[in-house]
Structure formats: structure tokens, C-alpha cells
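One-letter residues, chain by chain:
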Amino acid sequence: MSYQRDFDKRIKVGVIGAGSHCYRNVLPTMNYLPVEIKAICDVNEAVAKKTAKQYGDCAYYTNTRDMYEKEDIEAVFISVGPQLHPMLTIEALDAGMHVWVEKPVAMRADDVRQMIDHRGDRIVVVGLKKAFMPVTEKAIEIANSEKYGRLKSILAIYPMSIPQNGEQVLEERQFVNWLANGVHPLAFLMAVGGSVASVTAHCREDGHGVFVMEFKNGVIGNFHLASGPLPMEAYCLYGEGWHLNIHNNNRIELQRGIPFEYGKTTSFISPGDDSGAVVWEAQNCLATLENKALFIQGFYSEMKYFCDCVLEKRTAEKGTLEFALEMMKVYEAGLLSKGKAIYLRS
């Protein structure tokens, strides 16, 4: 594990938006990244100044234009709100910056298309952390392996509801929780399941129910829009001869089954270690990094991936604007479904 001070080569970056989320999650994650924070930009000058002083006494600004004109930076980390993400991302791309931008990437799918039009050869990664979690990476590994493989269906459980006035939400560009946090389970489902062919939302009047996703590869996704106390988030993958259970994003269990013959098997424990369950979980007895939320929740992985792409001059393949665009299509279809299947266009 390397810390910011350990890297010989670091990216000169500016941070746009120093609000609560950035201060709690984005900036602390930079302690482990190959970055040199050159400037903090926030419309609240007092916040920008205090944050800049804490992080190396770097420069601070209240507008991005001044920062681009005066600072020698290569990339920006944008964490404000989806209403401003497209404008700030396009401005940064036009200024020659590589961009990491927090979720939700935008308010509408068309906004993402405009961002793609301005990207050029710059690298853009969207902060869809659930697509980068360690448990997500393991789920993808199992589902795509020759040993297991043949994923058939996915169950996601997450506290969420879909507004029933979907047309109004889209027309008025309302920032609802289905966009703010619904993208989290959707990011997991789409990272594991692949491209989506159609979606159908079956909801009660309060917006809770089931969101069915049919993937182009034939996998069926069942997103249970749950309600109730936390912890609640869970995912289950079902394959041929195996299933994978993820609880609270810090414990993952691969069930491989046991040799079994109805009416004859007398023990649930079979010889050897090539059947039964395999479990991975965070080591919470140690003050090490793999049990910290920044790592379990995918913040580190997504931001490190962006930095690696920039340093190695390679095109991003995960958390891309194309992935975010498809997710926005799924989000919009969920608002319009009302029990009817919505087929996504390419």
C-alpha cells in the first residue's frame, strides 16, 4: 500500500467543490493516491481557504476560470451536484483537463452525451463507487470464470423508492433519491450483469416494489426496492451450480454446494475442501486499510483507477461516460415504466 507521499510521480490536480461529501470522502482518499493537490475551488471562499490551508496550504479559488488560468494542473476532481457536473466537466475538458466526476453524473442522459462530445482524448471516470468495490470485483471474477461462470440472475436489495410522477421529475429536472442513491445498486447490477436491454418497475403508490432488469446477455436482474432500517444492502448472484451472497459490502460468500443425493445423504459436511462455502470478509480486528469504508465502498479503487489511467496514458474502460450514459437511460426508464417494459435504445 502506498500513500501520497510515497509516489515518485504524482498528478497535479485541482479539486472543485469542497463541501461535506468531498471533505468526508474524496479528499481523505487522496491520502492514498499519486496526486499533488495544487488548488481547491469552491463558491464559498471561507470553505475553500480553510480546506486549502489544511491540504498543503495550496491555492484556493471561488471560480474555475481563474484556477485554470493561474495553476499548472493536469486533472480535476469534481464533486458538487448533478445539476452542475455537466457544465463543469465540459469546461474542464475544453481546458485540457482529465476529469474525475462524482455521481450522479448529470440530471438527464442527454447531458452525458454532450460531455462525451467534448471528451476528445482526455480521460474521464465517473465516481460510481459500487462498480469498483472489492466485492464487486470478486463477483465479476466469479461470474466470468471458466470454473463457475454462467450467471443466470442477480438479486439486489437496497433501501430505495421510485417516484410515481416520473414525467414531472424528468421535465422539471428534479433531484430525487432514485437518482441521488439509486445509482449505487444500479452501478453494481450493471457492472456485473452488463448492458441492459429493458427495465420494468412494479411499484406501490409509495414507490417501493421491484425493478426488473433484462440484460442483453440473458441475465435477469431483480432489484428489490426495499424499506426499513439499516443495514439492508445485499446482493445475490445465481449461477449454474453456485451462488454468491454479499452482505453489507464487507462479507462475500460463495456457495458451491455439497455432494447430495435425496434420501441417502446423511451429513451436510462432505469430505475435502472443494465443496461447501468460501467466505471473504473484512478484518475488523486490525487497524489496516482493507476494513475502512473508503476501501470497502470503492472510493479508493475508483479514484486510484482514474489516476492510473492518467499516469499510464490509457483509455478508461470502467466508470466511463458511456457506462454512465447507459445508467442514466436505465434511471429515466425506471421513472417512466409504471409496470410496463421500457426497451432501451442503443
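Scroll up to find the structure this text is about.
Cut-offs and rules
- In this convention, every chain numbers its residues from 1, walking through the sequence in written order.
- Selection of residues for local features in this predicted model requires a pLDDT of at least 70, selection of side-chain atom pairs for listing and counting requires 80 or more, and totals for whole chains, interfaces and linings are taken over all residues.
- Note that water and hydrogens are dropped before the side-chain values are worked out from all heavy atoms of the structure.
- Structural elements are reduced to axes, namely lines fitted to C-alpha atoms, with helices fitted over the stretch in contact, and the angle between N-to-C directions of any two is expressed from 0 to 180 degrees.
- The numbering of helices and of strands both runs from the N terminus, where a helix is a DSSP run of H or I of at least 4 residues and a strand a run of E of at least 2.
- With respect to orientation, any angle under 35 degrees is reported as roughly parallel, any angle over 145 as roughly antiparallel, any angle of 65 to 115 as roughly perpendicular, and every other angle as oblique.
- Left-handed describes a crossing whose near helix is turned anticlockwise from the far helix by less than a right angle; the clockwise case is right-handed.
- A contact between two residues is defined here by any heavy atoms of the two lying within 4.5 Å.
- The nonpolar class holds Ala, Val, Leu, Ile, Met, Phe, Trp, Tyr, Cys and Pro. Asp, Glu, Lys and Arg form the charged class, and all remaining residues, Gly among them, are polar.
- In this scheme, a residue with accessible area under 20% of its type's maximum is buried, one over 50% is exposed, and one in between is partly exposed, where area comes from a 1.4 Å probe on protein chains only.
- Within this scheme a cavity is a closed region of a 1 Å grid, computed over the protein atoms alone, that accommodates a 1.4 Å probe without allowing it to escape, whereas a pocket is open but has protein on both sides within 12 Å along at least five of seven lines; lining residues each have an atom within 4 Å of a point.
- Grid points are joined across faces, edges and corners, and a volume is the space filled by probe spheres set on the points.
- At least two DSSP bridges between two strands are needed for those strands to be called paired.
- We define a nonpolar core as any set of buried Ala, Val, Leu, Ile, Met, Phe, Trp, Tyr and Cys residues linked to one another through side-chain atoms lying within 4.5 Å.
- Pairing of aromatic rings covers Phe, Tyr and the six-membered ring of Trp, with a centre-to-centre limit of 6.5 Å; geometry is then stacked below 30 degrees between planes, edge-to-face above 60, and tilted otherwise.

A.B. asks: Can you tell me about the packing of helix α6 (residues 134-143) against helix α9 (residues 183-193), naming the residues and giving the values?
C.D. replies: Running from N to C, α6 and α9 cross one another at 25°; their axes reach a closest spacing of 9 Å. Taken together, the axes of α6 and α9 lie roughly parallel to each other. When the axes of α6 and α9 are compared, the crossing they make is right-handed. Residue-level contacts link Thr 136, Ala 139 and Ile 140 of α6 to Phe 188, Ala 191 and Val 192 of α9. By residue class, the composition of the contact of α6 with α9 is five nonpolar, one polar and no charged.

A.B. asks: Residues and numbers for helix α1 (residues 20-29), please.
C.D. replies: Because an α-helix completes one turn every 3.6 residues, residues spaced three or four positions apart along the sequence face the same direction. All buried positions along α1 are accounted for by Cys 22, Asn 25, Val 26, Leu 27, Pro 28 and Thr 29. The elements touched by buried residues of α1 are β1 (11-16), β2 (35-41), α2 (45-54), β5 (98-102), α10 (293-296) and α11 (299-312).

A.B. asks: Just give me the short version of empty space enclosed by the protein, but keep the residues and values in it.
C.D. replies: The full count for this structure, using the stated rule, is one cavity of 30 Å³ or more. What the largest cavity holds in volume is close to 40 Å³. Taken together, Pro 104, Val 105, Leu 128, Val 183, Ala 324, Met 327 and Met 328 make up the lining of the largest cavity. When the residues that make up the lining of the largest cavity are grouped by side-chain class, the tally is seven nonpolar, no polar and no charged.

A.B. asks: Help me get a handle on the sheet that holds strand β3 (residues 59-61), residues and values and all.
C.D. replies: With parallel pairing, six strands are arranged side by side in an open sheet as β3-β2-β1-β4-β5-β6. Of all strands in the sheet, those with a lone pairing partner are β3 and β6 (124-127), marking the two edges. For this sheet, the mean inter-axis angle between neighbouring strands, taken without regard to orientation, is 25°. Direction of pairing for β1 relative to β2: parallel, over a ladder of six bridges. Opposite Val 13, over in β2, you have Ile 37 as the bridge partner. Contacts from α1 reach β1, β2 and β5 within the one sheet, and its direction differs from that of β5 by about 125°. Along the sheet, α2 contacts β2 and β3; its crossing angle with β3, the most-contacted strand, is approximately 165°.

A.B. asks: With reference to specific residues and values, describe the nonpolar core.
C.D. replies: The biggest cluster of nonpolar side chains holds 111 residues, and the ones touching the most others in it are Trp 178 and Phe 211. Considering each element in turn, this core owes the most residues, 10 residues, to helix α12 (residues 321-337). When near neighbours in sequence (up to four residues on either side) are disregarded, Trp 178 contacts Met 160, Ser 161, Ile 162, Pro 163, Val 183, Leu 186, Phe 211, Phe 223, Leu 225, Tyr 331, Gly 334 and Leu 335.

A.B. asks: Give me the lowdown on the packing of aromatic side chains, citing residues and values where you can.
C.D. replies: Across all of its chains, the model carries 12 aromatic pairs by this definition. Judged by centre distance (5.7 Å) and plane angle (50°), the rings of Phe 132 and Tyr 305 are tilted. Here Tyr 305 lies in helix α11 and Phe 132 lies in the loop between β6 and α6, a separation of 173 residues in the sequence. You'll find Phe 132 and Tyr 305 in the same group, each marked buried. Aromatic pair Phe 188 and Tyr 235: ring centres 4.0 Å apart, planes at 25°, arrangement stacked. You can see Phe 188 sitting in helix α9 and its partner Tyr 235 sitting in strand β11 (residues 234-238), a full 47 residues away along the chain. Taken as a pair, Phe 188 and Tyr 235 share a single burial class, namely buried.

A.B. asks: So what's going on with the environment of Lys 304? Residues and values would help.
C.D. replies: With respect to the element layout, Lys 304 can be found in helix α11. Residue Lys 304 is classed as buried on the basis of its relative accessible area of 18%. Residues Lys 304 and Asp 6, 298 residues apart in the sequence, show an inter-C-alpha distance of 14 Å. Not counting residues up to four positions away in its chain, the partners in contact with Lys 304 are Phe 7, Leu 33 and Pro 34.

A.B. asks: Tell me what's going on with the environment of Cys 309, and back it up with residues and numbers.
C.D. replies: As for its placement among the helices and strands, Cys 309 is situated in helix α11. Overall, the relative accessible area of 0% leaves Cys 309 in the buried class. Along the chain, Cys 309 and Val 47 lie 262 residues apart, while their C-alpha atoms are 30 Å from each other. Dropping the residues within four chain positions of it, Cys 309 is found in contact with Ile 123, Arg 314, Thr 315 and Ala 316.

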